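Close look at the chain arrangement
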Amino acid sequence: MHRVRCDRTAAWPRLQTYYKEQGANFDLRTAFDSDPKRFAHFSQQAPHVFADLSKNLLNHVAEALLFELAQQCGVPAYRDAMFAGEKINNTEQRAVKHWLLRAPKGSSADPDLALVHETLDAMLAYAERVRADDAITEVVNIGIGGSDLGPQMVVTALAAHAMPGKRFHFVSNIDGHELAAVLEQVKPESTLFLVASKTFTTLETMTNARSAKRWFEQNGGKDIARHFAALTTNVEAAREFGIDTTFGFWDWVGGRYSLWSAIGLPIAIAIGAAGFRDLLAGAHAMDEHFRTAPAQANLPLRLGLLDVWYRDFHGFGSRSIAPYHSALRRVPAYLQQLEMESNGKSVDAQGAAVTYATSPVLWGEPGTNGQHAYFQMLHQGTDRVPVEFIAVKQPAHALPVHHELLLANALAQAQALMQGRQDAGGHRNFSGNRPSTFFVLDELSPASLGAFIALYEHRVFTSGAVWGIDSFDQWGVELGKVLAQDLAPRLASGDAAGLDPSTAGLLQRLR
Ligand code: F6P
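Residues numbered from 1 in each chain as written. Predicted model: local features only at pLDDT ≥ 70, side-chain atom pairs only at ≥ 80, totals over all residues. Heavy atoms only, no water.

Per an unreviewed UniProt entry, the protein goes by Glucose-6-phosphate isomerase and derives from Ramlibacter albus. UniProt annotates the protein under Function (unreviewed entry) with the comment "Catalyzes the reversible isomerization of glucose-6-phosphate to fructose-6-phosphate." In its Catalytic activity (unreviewed entry) section, UniProt records this for the protein: "alpha-D-glucose 6-phosphate = beta-D-fructose 6-phosphate". (UniProt positions renumbered as here; feature names shortened; annotations may be inferred.)

**Observations concerning the overall build of the protein**
Looking only at helices and strands, the protein has 19 helices and eleven strands in total. Here the C-alpha radius of gyration of the protein, 24 Å, is about what a compact globule of 511 residues would show, namely 24 Å. Taken along its principal axes, the extent of the C-alpha atoms in the protein is 75 × 60 × 55 Å. Within the protein, buried positions represent 56% of all 511 residues. Sequence-distant contacts, at least 24 apart, represent 73% of the contacts inside the protein between residues at least 6 apart. Carbon together with sulfur atoms contributes 54% to the accessible area of the protein, which is approximately 21500 Å² in total. (Helix = DSSP H or I, 4+ residues; strand = E, 2+ residues; numbered from the N terminus. Rg over C-alpha atoms; globule rule 2.2 N^0.38 Å. Buried < 20%, exposed > 50% of the residue type's maximum accessible area, 1.4 Å probe, protein only. Contact = heavy atoms within 4.5 Å. Areas by Shrake-Rupley, 256 points an atom, 1.4 Å probe, with all protein chains shown as cover.)

**Description of the sheet that holds strand β5 (residues 191-196)**
With respect to topology, five strands assemble into an open sheet ordered β4-β3-β5-β6-β7, the strand pairing being parallel. The strands lining the two open edges of the sheet, one partner per strand, are β4 (167-171) and β7 (246-248). Between one strand axis and the next, the sheet turns through 20° on average, direction left out of account. Of the pairings in the sheet, the one linking strand β3 (residues 138-142) to β5 comprises five bridges and is parallel in character. (Pairing = 2+ DSSP bridges. Axes fitted to C-alpha atoms, helices over the stretch in contact; angles between N-to-C directions.)

**Overview of unusual backbone geometry**
Residue T368 is reached from G367 by a cis peptide bond, and omega for that bond is 10°. If you trace the backbone, T368 turns up in the loop between β9 (361-363) and α15 (375-380). Phi is positive for Q93, close to 50°, though the residue is something other than glycine. If you trace the backbone, Q93 turns up in the loop between α5 (75-83) and α6 (113-132). A positive phi angle, near 75°, is found at D223, a position not held by glycine.

**Observations regarding the UniProt feature "active site" (unreviewed entry) in the protein**
Within this structure's numbering, the places UniProt gives as "active site" (unreviewed entry) are E341, H372 and K481. Their sequence span is 141 residues, while the largest C-alpha to C-alpha distance among them is 37.1 Å; these annotated residues do not converge on one region. In the annotation above, E341 and K481 are the residues that line the largest pocket. Within the secondary structure layout, H372 lies in the loop between β9 and α15. Assessed through its relative accessible area of 69%, H372 is described here as exposed. (1 Å grid on protein atoms, 1.4 Å probe; cavity = no way out; pocket = protein on both sides within 12 Å on 5 of 7 lines; lining within 4 Å.)

**A word on the packing of aromatic side chains**
For the coordinates displayed, the defined rule picks out 26 aromatic pairs. Aromatic pair Y78 and F461: ring centres 5.1 Å apart, planes at 20°, arrangement stacked. Here Y78, found in helix α5, pairs with F461, found in helix α17 (residues 446-467); they are 383 residues apart in sequence, far enough to count as distant. By relative accessible area, Y78 is classed as buried at 3%. Look at F461 and you get buried, because its relative accessible area is 2%. Taking the centre distance of 5.0 Å and the plane angle of 50° together, the rings of Y126 and F247 count as tilted. Taken together, the residues span a long stretch of sequence, with Y126 in helix α6 and F247 in strand β7 at a distance of 121 residues. Exposure class is identical for Y126 and F247. Each is buried. Taken together, the aromatic side chains of Y78, F83, W99, Y257, F290, F461 and F472 make up a single cluster linked through ring pairs. (Phe/Tyr/Trp six-rings, centres within 6.5 Å; stacked < 30°, edge-to-face > 60°.)

**Some points on the pairing of strand β1 (residues 43-46)**
Bridging between β1 and strand β2 (residues 49-52) involves four bridges; their strand directions are antiparallel. Residue pairing for β2: A46 is matched across the bridge by V49. Hairpin connection between β1 and β2: a loop of two residues separates the two successive antiparallel strands, and H48 in this loop has a positive phi of roughly 65°.

**What about the state of the cysteines?**
Taken as a whole and assessed by the stated rule, the structure comprises zero disulfides. A disulfide-free cysteine, C6 has its sulfur positioned 5.5 Å from the sulfur of C73, the nearest such atom. (Disulfide = S-S within 2.5 Å.)

As structure tokens, this is what we get:
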């Protein structure tokens, strides 16, 4: 698979020149004045997701150059290689096939598709059995990172579609306060523990799983097979741990891309087999869009290129996520892992240092709360931070007034960021010309959420492809894991030999 790093393309210096001569002075207000059709030109309907990109610091010239950049980097060929099942995760020599998890039967020639559906059918049948089992009222997911954030985000987002009578708990942290707080609320006979871990070796998850099993046995729990299930690629290790009810997945599913696999079991229990299939169908529609839409109408591609434009030419170091829907409150945390673990790299896929910036910082809270906290900085701070508004047209509640006010606030913030205010004087002035993207979902349904998540996955794929990095490994998490293994016994013994003075001092403090 031939990839060309962005800084070795002809388009890259042309973008640099264009940015210096024009891009840096781009003004949104002038852009709207000079192009009455700007909204139409820079907004689009993709499967289940409408996106308005018109309030971004971008015109046709810059976007055309970015399309050239994508072409010269080999992004379309790299995308096709992913969908062909090639081992594009080259540092781990693995294929990247989360898209296959949502491919309908018969839709792909990939040899693993039959296995995917066999596992999916078994998992959904199990989910339906759990749903029908009134004795199980508590579902406790034990997992971390991709084995927590994806299912937690989706179960939270689709609460309006969840069955009544079951509560969902997510335990991720090795901090025992988290597990202890859940165990206080549940009883062994009415609880199902799902131990979710791709590797089945992660320290946090294994520690929590061992404690949960011990608690279960010490509190009269019987029938581990009924009360514990493991979701993992390492079924062997799960069996050794003592869990026989297992649902597998494969090394070609990255942790942060795994909610579509057996890791999605809590989602399937919450919204049912049909709901889970709708989630997959929404994501598949976005896969097809990304795979086949021409560049100019390819939303994930356009967004990924906009991210490169902002990061490497405008120099923006962060992006704020503003979901205007309280059920989407875990979306910023989910996207942090998706984007920052994928693209937070400073060497290219061959291991050579990159000369340009990669992943920005993602952060955010639901609107309108953020407005009363950090939006001050977004409007008047010295940094410009692109904001992403996520709005849902139909509310899932019947309270009058609220939803209009919520949506009005989202619109107003995007408007204020762009327009600014020049006539009030001094502290009351706003510079304006601050960019934002505005997403609209007609409703927060399994299908629209599936499409929205897949949109982000492919957007992250696009910027990572331009940057020439491996977006599917995460070597950067290893060092801390190794050092923690060394420090844990030292906390007990007090042995600080060979430690740097700061770590040694803190170790003594913490003992
Ligand atoms: O340490 C990072 C990481 O490997 C993530 O990529 C992953 O989602 C998380 O840990 C959990 O890993 P596992 O599912 O194997 O327990």
